[in-house]
Amino acid sequence: MALRTIFRMCSVVTGLRNCGVPRKMAAEKMGLFTTHDRSISSLDDYASLREHFMQFKGGSVDLVKDNETGIAVITLNNPDVKNAMTGKMMADLYDTVGDLEVWNAGKGVILRGSGTTFCSGGDLGTVRQICNQANGIKMSVFMHNITSRLLQIPMISVATIQGTALGGGAELTTACDFRLMTQGARIGFVQIKLGVLTGWGGGTRLTKLLGKSKALEVLASGKMYDSKEAKSIGLINDILPDDSDPEDSANEWLNRFCCWDPAAVSYTKSIVSVAERSPYEHALSFERECFSDVWGKPVHLNALNRNIKHS
Ligand SMILES: CCCC(=O)SCCNC(=O)CCNC(=O)[C@H](O)C(C)(C)COP(=O)(O)OP(=O)(O)OC[C@H]1O[C@@H](n2cnc3c(N)ncnc32)[C@H](O)[C@@H]1OP(=O)(O)O
């Protein structure tokens, strides 16, 4: 079986969705992934968490896939409340990630908000209804699963931040490989000001991204960062002019990576993703498997025949 297929199966297993025995065995045989969040055994039924969160209505998360470019756009769509995430939107995002995991043509993903803003975090209507410890844990387990799978998807992902990315909205941006921000936009991990914490895995991902000292400063201050400050601490990758179309800019950004052979793009993302979270020898073994799956294949042979000069 092609490694690409196994990888896609493994991504599904990592997410613990549709975790049939053959898929699980494939993942374990490859030794690629740990099922760390299995430890929360009483809460590992993500399908029932999905049903639970579906009841907190409002907004949608919309997915558009372009089979020609291999680039998909995920839109957080709840404009009346600055794209705040309702329970239903969390469930939609769960479905969206599941859809992308089995999209064979996929090379890139753009995460954006509808209209002129990114996301104002958890919808306060939903938050008020689930404001007890049991429901908080459920949300956290559910969102950890969704954001981890989004980050590990074998495609290159970019969040485009316009307007505001606040609280959970800021956390969502860290579930992408890259972040682009319009000049006048702001981003803030403001949870501490509300007496809560990063419940969607953003604290862990931010620390991996920025290192301990800077992450602690961002999280413990609750400060709102403008684009210049966000770039200076490495939180974002690039600043876009305010009058640019962020989706066009994100497409342009991704095209530098997504113009190559789909297998090479997917494997490149996967190698980096596995290396980031695995012991060295394990990551090397994975890299070797990926390499052996493309070496001497038609794309490689064609490139050799073209005698390419890299200027
Ligand atoms: C569960 C994960 C943890 C978290 O996400 S903690 C963070 C939770 N988010 C918040 O506390 C957001 C608080 N909102 C704000 O600071 C501001 O509304 C914000 C986002 C900077 C936008 O400011 P402005 O551009 O001036 O717009 P505005 O305040 O007039 O907002 C327009 C309407 O949207 C509403 N809204 C904004 N964020 C919301 C949210 N997260 N949940 C529910 N409703 C929200 C806001 O109340 C306003 O509604 P209305 O027009 O007054 O009826």
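Quick note: structure is the one above.
Reference entry: report on the structure contained in this document.

Turning our eyes to something else, we now look at the sheet that holds strand β8 (residues 224-226). Strands sit in the order β5-β7-β8 across an open sheet of three strands; the sheet is mixed. The sheet is open, and its two borders are formed by β5 (164-166) and β8, each paired with just one other strand. Averaged over all pairs of adjacent strands, the angle between strand axes in this sheet comes to 15 degrees, irrespective of strand direction. Judged from the three bridges that link them, strand β7 (residues 186-188) and β8 form a sheet pairing that is antiparallel. Looking at β8, one finds that Gly188 is bridged to Met224.

Moving on: the nonpolar core. Among soluble globular proteins, nonpolar side chains are generally buried collectively. Ranked by internal contacts, the top residues of the largest apolar core, which has 50 residues, are Leu76, Met85, Phe118, Leu172 and Ile187. In this structure, Val73, Val158, Leu180 and Val265 belong to the second largest nonpolar core, which totals twelve residues.

The next subject is helix α8 (residues 202-210). Of the positions making up α8, those classed as buried are Gly202, Gly203, Arg205, Leu206 and Leu210. All buried residues of α8 fall inside an arc of 165 degrees around its axis, so they share one side. Across α8 from its buried face, at more than 90 degrees, point the exposed residues Thr204 and Lys208. Elements that come into contact with the buried residues of α8 comprise α6 (133-152), α7 (168-173) and α9 (212-221). Directly beyond the C-terminal end of α8, a positive phi value near 90 degrees is found at Gly211.

On to the site of the ligand, then. Looking at the ligand, there are 15 residues lining it, with Lys82, Ser120, Gly122, Leu124 and Gly168 nearest. Within the side chain of Lys82, a nitrogen or oxygen atom sits 3.4 Å from an oxygen atom of the ligand. A distance of 2.9 Å separates an oxygen atom of the ligand from a polar atom in the backbone of Gly168. Relative to its free-state accessible area of 960 Å², the ligand is covered by the protein chains to the extent of 56%. By residue class, the composition of the shell around the ligand is seven nonpolar, five polar and three charged.

Evaluation of the coordinates by the stated rule reveals seven aromatic pairs. Plain terms: the ring middles of Phe291 and Trp295 are 5.1 Å apart, the flat faces sit at 35 degrees to each other, and that makes the pair tilted. On the basis of relative accessible area, Phe291 is assigned to the partly exposed category, the value being 44%. By the ring-pair criterion, three or more aromatic residues cluster together here, those being Phe53, Phe56, Tyr94 and Phe142. The cationic tip of Lys223 hangs over the ring face of Tyr225; the distance from NZ or CZ to the ring centre is 4.8 Å. A cation over an aromatic ring shows up here: Arg256 above the ring of Trp253, its NZ or CZ 4.3 Å from the ring centre.

The interhelical angle for the contact between α8 and α9, taken along N-to-C directions, is 135 degrees, at an axis separation of 7 Å. In terms of their interaxial angle, α8 and α9 are classed as oblique. Where α8 crosses over α9, the two elements pack in a sense that is right-handed. Residues Gly203, Leu206, Thr207 and Leu210 of α8 pack against Lys212, Lys214, Ala215, Val218 and Leu219 of α9. Its residues placed into classes, the contact of α8 with α9 shows five nonpolar, two polar and two charged.

Quick look at the pattern of salt bridges now. Think of it this way: side chains of opposite charge can pair up when their charged atoms draw near. Applying the stated rule across the entire model yields nine salt bridges. Arg50 is the partner of Glu51 in a salt bridge, and the nearest nitrogen-oxygen pair spans 2.8 Å. Taking the shortest distance from any N to any O, the salt bridge between Glu101 and Arg149 comes out at 2.9 Å. With Glu101 in helix α4 (residues 87-101) and Arg149 in helix α6, the pair connects residues that are 48 residues apart, well separated along the chain. On the basis of relative accessible area, Glu101 is assigned to the buried category, the value being 1%. Here the residues in one salt-bridge network are Arg50, Glu51 and Asp95, joined through shared partners.

Cut-offs applied
Residues numbered from 1 in each chain as written. Predicted model: local features only at pLDDT ≥ 70, side-chain atom pairs only at ≥ 80, totals over all residues. Heavy atoms only, no water. Pairing = 2+ DSSP bridges. Helix = DSSP H or I, 4+ residues; strand = E, 2+ residues; numbered from the N terminus. Axes fitted to C-alpha atoms, helices over the stretch in contact; angles between N-to-C directions. Core = buried A, V, L, I, M, F, W, Y, C linked by side-chain atoms within 4.5 Å. Buried < 20%, exposed > 50% of the residue type's maximum accessible area, 1.4 Å probe, protein only. Arc of directions from axis to C-beta. Contact = heavy atoms within 4.5 Å. Near = heavy atom within 4 Å. Polar contact = N/O pair within 3.5 Å; in protein donor to acceptor, adjacent residues only side chain to side chain. Areas by Shrake-Rupley, 256 points an atom, 1.4 Å probe, with all protein chains shown as cover. Nonpolar A, V, L, I, M, F, W, Y, C, P; charged D, E, K, R; others polar. Phe/Tyr/Trp six-rings, centres within 6.5 Å; stacked < 30°, edge-to-face > 60°. Lys NZ or Arg CZ within 6 Å of the ring centre and 35° of its normal. Parallel < 35°, antiparallel > 145°, perpendicular 65-115°, else oblique. Left-handed = near helix turned anticlockwise from the far one by under 90°. Salt bridge = Lys/Arg side-chain N within 4 Å of Asp/Glu carboxyl O.

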